[in-house]
Amino acid sequence: MELLYLLWSIISITFISFTLSLLLPFRRLFPQSTDATNSVALYQGTVWHERRRPVHHSFKYSVRYAFIDLDLAPHPPPDHLSSQQARDIAHTNGPVFVATRIS
């Protein structure tokens, strides 16, 4: 049963990743506003984990994240790379985002 669950997880994540990567070029058809108010998106969710072997154990907790567009942020978060530094390290020229936990 665990093998089936693992196989299903791999297949579903692969399918979702492939589908989203196909949709990525269409983002340019729907331009977004470039003002600073759209530079941050807040997400809240729950992390849940369960282990069945060797001893049954589970836990869950709430998480909150800020997803920041570094190119549009009026004040980038401290202790993070700037958008240009991240581009230089990654050898790319695309948009730069950072996801950081909110305390």
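This write-up is about the structure you can find in this document. Bear in mind the structure is a predicted one, so any value in this text is a computation, not a measurement.

What follows concerns the overall build of the protein. A tally of helices and strands in the protein yields 2 helices and 3 strands. Each helix (α) and strand (β) of the protein, taken in turn from the N terminus, gives the series α-β-β-α-β. Taken over C-alpha atoms, the radius of gyration comes to 18 Å for the protein, far larger than the 13 Å a tight globule of 103 residues would show. Relative to its 103 residues, the protein shows a buried fraction of 14%. For the protein, the exposed area adds up to about 9,200 Å²; of that, 63% sits on carbon and sulfur atoms. Between the mean site of the 9 positive side-chain charges and the mean site of the 7 negative ones, the protein shows a separation of 10 Å.

For the structure on display, the rule yields 2 salt bridges. Among the ionic pairs, Glu2 bridges to Arg53, the shortest N-O distance being 3.8 Å. Taken together, the positions of Glu2 in helix 1 (residues 2-23) and Arg53 in the loop between strand 1 (40-51) and strand 2 (57-69) put the pair 51 residues apart, joining distant regions of the chain. Between Asp71 and Arg87 there is a salt bridge, and its shortest N-O distance comes to 2.5 Å. Here the residue Asp71 occupies a position in the loop between strand 2 and helix 2 (83-90), and Arg87 occupies one in helix 2, the gap between them amounting to 16 residues. Since its relative accessible area comes to 38%, Asp71 is described here as partly exposed.

Conventions and cut-offs
Residues numbered from 1 in each chain as written. Predicted model: local features only at pLDDT ≥ 70, side-chain atom pairs only at ≥ 80, totals over all residues. Heavy atoms only, no water. Helix = DSSP H or I, 4+ residues; strand = E, 2+ residues; numbered from the N terminus. Rg over C-alpha atoms; globule rule 2.2 N^0.38 Å. Buried < 20%, exposed > 50% of the residue type's maximum accessible area, 1.4 Å probe, protein only. Areas by Shrake-Rupley, 256 points an atom, 1.4 Å probe, with all protein chains shown as cover. Lys, Arg positive; Asp, Glu negative; His and termini not counted. Charge placed at Lys NZ, Arg CZ, Asp CG, Glu CD. Salt bridge = Lys/Arg side-chain N within 4 Å of Asp/Glu carboxyl O.

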